[in-house]
Amino acid sequence: MGKKLEGAGLRGQVAGETALSTVGKEGKGLTYRGYAIEDLAEKATFEEVAYMLLYGKLPNQDEYDSYTSKLRNYRDLPRELKNVLTAIPKETHPMDVLRTGTSMLGNLEPEGDFTNQNDTADRILAAMPSIMTYWYRASHFGEDIDTLTDHKTMGGQFLSLLTGSEPSDEHIRALDTSLVCYAEHGFNASTFTARTCASTLSDMHSCITAAIGTLRGPLHGGANEAAMEMIERFSSREDANVGVKNMLANKEKIMGFGHAVYSDEDPRNKIVKAWAKKLSSSASNPVIYEVSEEIEKVMSEEKNLFANTDFYMASTYNFLGIPTPIFTPLFVIGRTSGWAANVMEQRADNRIIRPSEEYIGPESATWVDLQDRD
Ligand code: COA
């Protein structure tokens, strides 16, 4: 052990085919089914993007209306699930709540054979914001909220149920855009987990639950939460400049920087950064944006590392009034569309995923009876 295997972490290796997205491909950048992320973030709602990923094409007006109405009807949660969510303590990490909630939904509404896989995917997607906000309001305020709201978009429903008040159109659009940016991203760790689970012909709830567990870590989706915790430690640009240089000198990783695939920029960063800047102008704590900019500058100058999408997502979500531990669950909500689309794509042309390994253990070992061992 010690020296890293060439291609460790499967970096750069093609592990399968997809028609869902290109990530950092020369001349293409980030695209979902051929559409550039820049266009989608500016023009599409999250529901349009989810439909496109899950059904293969952009919806026309009738399809869009019936899809959004279907998702709205799926917002209600069964009483048994609400009871489980109510029993989860307030101190629990919200990612663990989503993991348990999705798994419980699978107990109550098992997928069975795969003939209704699109309905299963839509149901899980629509239930996610309800699971998160129901638990949050129950555990923090002892409330039993009705999640079956008629908000037009998932972003609007989420913000309204989380805070108990009606969000502005600007806040809804900011959240909506963040979900678009999070929706799909090739064979990243959580998506690959979902596909590996799907390759055993397991059910959709198991695939999504496994993916949530994988997204949770700070090297993946948990980076937006970790970035916020770091940003909040600094009270000014100067403070951030000195603090980040010290962290680098101590060989600490700065969360929200670097990427396993992109080498010079994450195309989602400028989209999310623009939102963070816009929201900062009416925020009560705009210094968070200034500190973020300073950290980005130091990382570029000192390490030649660029901000990934999670970095400015932190200040964006903060300006929307979202508690920091609920940042990564929003990543889950967006990415559930991509995970489910990948599960269906894997099922459509499946072979069980089973890579090989290089054995580095002892050549051979001679058995010694228990009483004779040192
Ligand atoms: N802060 C400080 N140094 C970093 C860094 C960061 N965020 N990201 C990478 N580096 C350094 C590494 O220490 C390494 O230096 P070394 O060669 O001297 O050891 C070098 O850059 C290569 O990084 P490495 O971790 O090998 O890249 P990777 O492809 O294995 O990992 C990430 C990619 C995303 C996991 C990694 O950049 C990271 O941990 N970033 C922070 C977490 C994060 O933001 N995750 C969200 C990704 S969207």
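Everything below is about the structure printed above this text.
As a starting point, this report considers the structure included with it. Keep in mind that this is a model prediction, so the values were computed, not measured.

1. Notes on the nonpolar core
Counting 105 residues, the largest nonpolar core has I295 and I322 as the members making the most contacts within it. For this core, the element with the highest residue contribution is helix α6 (residues 117-141), accounting for twelve residues. Excluding anything up to four places from it in sequence, I322 contacts L159, L162, L175, Y317, F327 and L330.

2. Topic: the site of the ligand
The full set close to the ligand counts 19 residues, and K253, I254, G256, F257 and N308 are the nearest of them. One of the backbone nitrogen or oxygen atoms of I254 is found 2.7 Å away from a nitrogen atom of the ligand. Surface burial for the ligand is 63%, taken as the share of its 850 Å² of free accessible area covered by protein chains. Classifying every residue of the shell around the ligand by side-chain character gives nine nonpolar, five polar and five charged.

3. A look at the pattern of salt bridges
Any two side chains of opposite charge can pair, on the condition that their charged atoms come close. Enumeration according to the criterion identifies 20 salt bridges in this entry. A salt bridge links E38 to K270; the shortest N-O distance between them is 4.0 Å. Here K270 lies in helix α13 (residues 267-280) and E38 lies in helix α1 (residues 37-43), a separation of 232 residues in the sequence. Note on E38: relative accessible area 34%, which makes it partly exposed. E63 is paired through a salt bridge with K57; the nearest N and O atoms lie 2.6 Å apart. For E63, a relative accessible area of 23% gives the class partly exposed. Look at K57 and you get partly exposed, because its relative accessible area is 40%.

4. Regarding the sheet that holds strand β2 (residues 29-32)
Taken together, the three strands give an open sheet; going across it, the order is β1-β2-β3, and neighbouring strands pair in antiparallel fashion. With partners counted over all chains shown, the strands left at the sheet margins are β1 (21-25) and β3 (35-36), one partner each. Bridge count between β2 and β3: two bridges; the pairing is antiparallel. By the bridge assignment for β3, Y32 is matched with Y35.

5. Considerations on the packing of α6 against helix α16 (residues 327-348)
α16 packs onto α6 with a crossing angle of 170 degrees between their chain directions and a minimal axis gap of 10 Å. What the angle tells us is that α6 and α16 run roughly antiparallel. Packed against α6, whose contacting residues are Q117, N118, A121, I124, L125, M128, P129 and M132, the element α16 presents P329, V332, I333, T336, S337, A340, M344 and R347 at the interface. Tallied by class, residues from the contact of α6 with α16 come to eleven nonpolar, four polar and one charged.

6. What to know about unusual backbone geometry
Outside of glycine, negative phi angles account for most residues, and trans bonds account for most peptide bonds. You will see that L201, though not glycine, has its phi angle at about 70 degrees, which is positive. Here L201 is to be found in the loop between α9 (189-199) and α10 (204-215). With relative accessibility at 54%, the residue L201 sits in the exposed group. The phi angle at N304 is positive, at roughly 55 degrees, despite the residue not being glycine. Along the chain, N304 turns up in the loop between α14 (287-303) and α15 (309-319).

7. Examining α15
Where burial is concerned, most of α15 is hidden: eleven out of the eleven residues are buried. All of the buried residues in α15 are T309, D310, F311, Y312, M313, A314, S315, T316, Y317, N318 and F319. Contacts made by the buried residues of α15 are with α8 (169-182), α11 (223-231), α13, α14 and α16.

8. So, the pairing of β1
Bridge analysis of β1 against β2 gives three bridges, and the strand direction is antiparallel. By the bridge assignment for β2, K25 is matched with G29. Remark: three residues form the turn of the hairpin made by β1 and β2, two consecutive strands paired antiparallel; G27 in that turn has positive phi of roughly 80 degrees.

9. Describing helix α3 (residues 61-73)
Compared with an ideal rise of 1.5 Å per residue, which puts 13 residues at 18 Å, α3 spans 18 Å between its outermost C-alpha atoms and is within 8% of the ideal. Every buried residue of α3 is accounted for by Y64, Y67, T68 and L71. Angular distribution of buried residues about the axis of α3 spans 95 degrees; they occupy a single face of the element. Opposite the buried face of α3, by more than 90 degrees, sit the exposed residues D62 and N73. Against the buried residues of α3 lie α2 (46-55), α6 and α7 (154-163). Structurally, the start of α3 carries an N-cap: the backbone nitrogen of D62 is 3.1 Å from a side-chain oxygen of N60.

10. Thoughts on the packing of aromatic side chains
This model, assessed by the stated rule, comprises ten aromatic pairs. Ring geometry for F311 against Y312: centres 5.2 Å apart, planes inclined by 80 degrees, an arrangement best described as edge-to-face. For Y312, a relative accessible area of 0% translates into the label buried. Ring pairs connect the aromatic residues F257, Y289, F311 and Y312, which therefore count as one cluster. Its end group placed over the ring of F114, R347 keeps NZ or CZ at 3.5 Å from the ring centre. In this arrangement the basic side chain of R373 is found over the ring face of W367, its NZ or CZ atom lying 4.9 Å from the centre.

Parameters at a glance
Residues numbered from 1 in each chain as written. Predicted model: local features only at pLDDT ≥ 70, side-chain atom pairs only at ≥ 80, totals over all residues. Heavy atoms only, no water. Core = buried A, V, L, I, M, F, W, Y, C linked by side-chain atoms within 4.5 Å. Buried < 20%, exposed > 50% of the residue type's maximum accessible area, 1.4 Å probe, protein only. Helix = DSSP H or I, 4+ residues; strand = E, 2+ residues; numbered from the N terminus. Contact = heavy atoms within 4.5 Å. Near = heavy atom within 4 Å. Polar contact = N/O pair within 3.5 Å; in protein donor to acceptor, adjacent residues only side chain to side chain. Areas by Shrake-Rupley, 256 points an atom, 1.4 Å probe, with all protein chains shown as cover. Nonpolar A, V, L, I, M, F, W, Y, C, P; charged D, E, K, R; others polar. Salt bridge = Lys/Arg side-chain N within 4 Å of Asp/Glu carboxyl O. Pairing = 2+ DSSP bridges. Axes fitted to C-alpha atoms, helices over the stretch in contact; angles between N-to-C directions. Parallel < 35°, antiparallel > 145°, perpendicular 65-115°, else oblique. Expected span 1.5 Å × (residues − 1). Arc of directions from axis to C-beta. Phe/Tyr/Trp six-rings, centres within 6.5 Å; stacked < 30°, edge-to-face > 60°. Lys NZ or Arg CZ within 6 Å of the ring centre and 35° of its normal.

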